[in-house]
Amino acid sequence: MATNPDRSSYFPAIEKKYGQPMSYWFEQMDEISDRKYQEQIDFLRENHGFSQAHANAVVMYSRGSTSARRVNTLDEYLAPFDETKRSTVRAIFAAVTSAYPTAEVVIAWNHPMLKFDGQYIFGVSVAKNHILIAPWGNDMIGRFRDRLTDYKLNKKTIQVPVDWTPDAGLLCDLAAARIAELEAAPEA
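Residues numbered from 1 in each chain as written. Predicted model: local features only at pLDDT ≥ 70, side-chain atom pairs only at ≥ 80, totals over all residues. Heavy atoms only, no water.

**Details of the sheet that holds strand 3 (residues 119-126)**
Overall, antiparallel pairing links the 6 strands, which are arranged 1-2-3-4-6-5 in an open sheet. The sheet terminates laterally at strand 1 (104-108) and strand 5 (152-153), the two strands that pair on one side only. Taken together, the 5 bridges between strand 1 and strand 2 (residues 111-116) define a ladder with antiparallel strand orientation. Counted as the bridge partner of Val106 is Met113 from strand 2. Relative to strand 3, helix 6 (residues 83-99) is tilted by about 165°, and along the sheet it contacts strand 1, strand 2, strand 3 and strand 4 (131-135). Where helix 8 (residues 168-184) meets the sheet, its contacts fall on strand 2, strand 3, strand 4 and strand 6 (158-160), and the angle it forms with strand 3 comes to roughly 145°. (Pairing = 2+ DSSP bridges. Helix = DSSP H or I, 4+ residues; strand = E, 2+ residues; numbered from the N terminus. Contact = heavy atoms within 4.5 Å. Axes fitted to C-alpha atoms, helices over the stretch in contact; angles between N-to-C directions.)

**Digging into the nonpolar core**
Proteins that are soluble and globular tend to have nonpolar side chains buried together. Counting residues in each nonpolar core, the largest one holds 35 residues, and the members touching the most others are Val89, Ile92, Phe122, Ile131, Ile133 and Ile158. Sorting the residues of this core by element identifies helix 5 (74-78), helix 6, strand 2, strand 3, strand 4, helix 7 (140-143), strand 6 and helix 8 as the ones contributing at least two each. No other element matches helix 8, which puts 6 residues into this core. In this view, Val89 contacts Leu74, Leu78, Val124, Val126 and Ile131; residues no more than four positions away in its chain are not counted. In this structure, Phe11, Phe43, Val58 and Val59 belong to the second largest nonpolar core, which totals 16 residues. (Core = buried A, V, L, I, M, F, W, Y, C linked by side-chain atoms within 4.5 Å. Buried < 20%, exposed > 50% of the residue type's maximum accessible area, 1.4 Å probe, protein only.)

**Examining the packing of helix 2 (residues 22-31) against helix 4 (residues 52-62)**
Pairs of packed helices are described in terms of their axes, by the angle between the two and the distance that separates them. Relative orientation of the contacting elements helix 2 and helix 4 amounts to 65°, with a least axis distance of 10 Å. Our classification of the angle between helix 2 and helix 4 gives roughly perpendicular. Note on packing geometry: the crossing formed by helix 2 with helix 4 is right-handed. Mapping the contact onto sequence places Met22, Trp25, Phe26 and Met29 in helix 2 and Val58, Val59, Tyr61 and Ser62 in helix 4. Residues belonging to the contact of helix 2 with helix 4 are distributed by class as follows: 7 nonpolar, 1 polar and no charged. (Parallel < 35°, antiparallel > 145°, perpendicular 65-115°, else oblique. Left-handed = near helix turned anticlockwise from the far one by under 90°. Nonpolar A, V, L, I, M, F, W, Y, C, P; charged D, E, K, R; others polar.)

**A few points about the side chain of His54**
Relative to the elements of secondary structure, His54 occurs in helix 4. Taking relative accessible area as the criterion, His54 reaches 11% and is therefore assigned buried. At 3.1 Å, the side chain of His54 and the side chain of Tyr18 are in polar contact. Filtering out sequence-adjacent residues up to four positions away, His54 remains in contact with Tyr10, Ala13, Ile14, Lys17 and Tyr18. (Polar contact = N/O pair within 3.5 Å; in protein donor to acceptor, adjacent residues only side chain to side chain.)

Next comes the structure, spelled out in structure tokens:
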């Protein structure tokens, strides 16, 4: 799996796995340029055995999207949202970074994520009517279920209102549980 968001980072693996230079695959895309995205993906998968990731890289690159990265900073992520959502997200991160000053907000998968000592603690996603908090770790939702009764819970996310006043204690406890989990993990 490519960790570089540039779609071209997949090209060496595509050439090696499917036995043709990228110029060949771009010619194939030119021939079907009038088709919809999914039809182009299906063409590569069904006719040439492409994986979803490789097909997506070729199709999106041929459509002019050279990178999967859309935003690089928290401010860029928050720009399209109203001030209520922006301030809520900032307050969520501030609640934890005030307790863990070395924690940093990064962008991964085009969403803001909190990292501590190089490891993910949780991510945040803004939707139209709510904000999702996605704690990383082993069954964090289950482990904190008794403290999450006021929120809608999904399999791996906590849904909070867009105007939520962050529960700093809860957020810091989620972070502490993840950090303890990481510290207890055996070195790889």
